[in-house]
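Structural features, examined
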Amino acid sequence: MAEPKGNELMDKIVSLCKRRGFIFQSSEIYGGINGFWDYGPLGAELKRNVKELWWRRMTQQRDDIVGLEATIIMHPQIWKASGHVDTFNDPMLDCKTCQGRFRADQIDEIPCPLKPSNSVSQCTGAKTPVRNFNLMFKTNVGPIESADNLAYLRPETAQAIFVQFKNVLETSRQKVPFGIAQVGKAFRNEVTPRNYTFRSREFEQMELEFFIRPDEAVEAIGGIVASGSQPSTLNPQPNWGWEAWHKYWVEARIRFYENIGLPRATLEEYWQKPEELAHYAKACVDILFKFPFGTQELEGIAARSDFDLSQHQRFSGKSMGVFDEELKAAWAKLDETKKTELSQRYFEARFKYLTKMGEPADKAEKQAREDVAGLAKGNYIPHVIEPSAGVDRLILALICNAYAEDQAPDEKGKLESRVVMRFHPRIAPIKVAVFPLLKNRPELLNKAKEVRDLLRPHMTVFYDEAGAIGRRYRRQDEAGTPFGVTIDFDTLGEKPELLNTVTLRDRDSMKQDRIKIDELVPLLLEKIR
Ligand code: GAP
């Protein structure tokens, strides 16, 4: 069957998502609200599975990452320190023809509804000058609306991790290098939400801040810093500087995506060019997915230096530094040349950061000298590598990747077309469907319910007795359920040698195997873990 292309494919996906209860428009009965989406029964399970897997892989299955769950509304100074109040803007302009508001950098791609849809640059010649528009949603805390109690819905989850850094460090017995992970809602008043859920105004992020030693500390301790050009390995080494850690996280994150069913061929790495980097970032890699509407960002992995913690130290007046016993001991043993060289490099980095942030040169120099003196005693502000993923974009990628059309035999063996969502069993919303062959035979229903109850403590099960068995398979194919268990007369012992066996159908190959009921749980668990 010919592969549906681009927009046509996206239309089919959007329609399936609504029809099968993956994704609904928020507030639909009131006409919807642009940039907001709800997840229906299947979407909610899918999303939960993805977030849980990320959390398990990031925190529970590692010694060096712990979790955090912070509030959405935080002290407004946080957003001043982070730079969001002053610089989290999109350039915006209005189209004078349709009165629509667009992002200035996307104006050529967005159709003005009042112009013919095939015109290339639909708003040309009729637009207002470009203005900056801050993307943070504002609110007021408490009953009085005033500038004094202005607050923001967080535009990213990351800042909470930075501001709780010391509390986590002190309570978790972690030492640098270590990470703090968080999953949660973020809000951005996007000028032009689009591409279905891809750019929403309310979305979820899965963010990790992985804190590492500054390269000068790594070098003082180990003599050398492993260069980023060495072959990437997933086995962290004590002499890794920021480049090696950055490469590690790019590779680790790509493996995560592969592990939940996105083939590497659907992903691309985009290494930002120096001129594209945020001023504090040393490097940033975007992991892109080949969506039907184009190859677009799923996740950004940024090496953010010590910028964020330094900013919160300056704005809050509270130390964000750590004491590193190993560094203190190693520094004392360095020869003078090495001490001078490392001190000079550290001084330059701190001085550059402080002056860029507007500190007067004399004050910056004094502070940077203090920072160097601190380094010699084992104190520094950790640097950070930040893998930051969007849950909703990942869900959309998984849905797009899973969508397939092929041919399947109906009851009479005649081929008919089917839509099948080929989710990896690890993330599939429903893991197994249980079907009694016929609805009007109580003994089949009772046995099927027994099997359902046997499986239910271990996985999501869907019990379905309504309609022809072929129709029931088709419904589960569309839901992406990887396994179907059918209870028939042989299960009840019509052929004595098949007593207490069922057929296990594989969604993708449509192959059916006869399995003992007793073996179902271990067999399925192995496939879904
Ligand atoms: N803390 C870094 C940060 O927030 P970002 O590149 O702005 O970086 C990270 O966002 C990820 O969050 C993106 O790669 C994307 O997956 C997701 N994301 C950002 N804006 C989004 C939006 N409007 N709708 C859906 N997901 C979004």
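Counting from 1, residues in each chain are numbered in the order their sequence is written. For a predicted model such as this one, the threshold for reporting local features is a pLDDT of at least 70, and the threshold for listing and counting side-chain atom pairs is 80 or more; totals across whole chains, interfaces and linings nevertheless cover every residue. Neither water nor hydrogens contribute to the side-chain values; these are computed over all heavy atoms in the structure.

1. Observations concerning empty space enclosed by the protein
Rule in force here: Detection works on a 1 Å grid of protein atoms alone, calling trapped sets that fit a 1.4 Å probe cavities and calling open sets with protein on both sides within 12 Å along at least five of seven lines pockets, with lining residues defined by an atom within 4 Å of a point. Grid points are joined across faces, edges and corners, and a volume is the space filled by probe spheres set on the points. Secondary structure elements are taken from DSSP: a helix is a run of H or I of four residues or more, a strand is a run of E of two residues or more, and numbering for both begins at the N terminus. Residue polarity is assigned by list, with Asp, Glu, Lys and Arg as charged and Ala, Val, Leu, Ile, Met, Phe, Trp, Tyr, Cys and Pro as nonpolar; anything else, Gly included, falls into the polar class.
Under the counting rule described, the total for this entry stands at two cavities of 30 Å³ or more. Roughly 50 Å³ of internal volume is contained in the largest cavity. At the level of elements, β19 (432–436), α15 (469–479), β21 (483–487) and β22 (501–506) are the ones that each hand at least two residues to the lining of the largest cavity. By residue number, the principal contributor to the lining of the largest cavity is α15, which donates three residues. A breakdown of the residues in the lining of the largest cavity according to their chemical character gives five nonpolar, three polar and four charged.

2. Examining the environment of Asp518
Along the polypeptide, Asp518 turns up in helix α16 (residues 517–528). In this structure, the C-alpha to C-alpha distance between Asp518 and Asn500, residues 18 residues apart in sequence, is 8.2 Å.

3. A look at the environment of Leu334
Applied cut-off: Categorising residues by exposure relies on relative accessible area from a 1.4 Å probe, with only protein chains included: less than 20% of the type maximum marks a residue as buried, more than 50% marks it as exposed, and the intermediate range marks it as partly exposed. Pairs of residues are marked as contacts when any of their non-hydrogen atoms sit within 4.5 Å.
As for its placement among the helices and strands, Leu334 is situated in the loop between α10 (325–333) and α11 (336–356). Relative accessible area serves as the criterion here: at 15%, Leu334 is assigned to the buried category. Measuring from C-alpha to C-alpha, the distance between Leu334 and His424 comes to 52 Å, with 90 residues separating the pair along the chain. Not counting residues up to four positions away in its chain, the partners in contact with Leu334 are Ala220, Lys339 and Leu342.

4. Structural notes on the pairing of strand β10 (residues 202–212)
Put simply, the rule reads: By definition, two strands form a pair when at least two bridges between them are found by DSSP.
Among the eleven residues in β10, ten count as buried, and that is most of the element. Here strand β9 (residues 178–187) pairs with β10 via ten bridges, running antiparallel. Within β10, the residue paired with Phe178 across the bridge is Phe211. Across six bridges, β10 lies against strand β16 (residues 383–390) in antiparallel orientation. Each residue of the ladder has a partner; that of Met206, found in β16, is Ala389.

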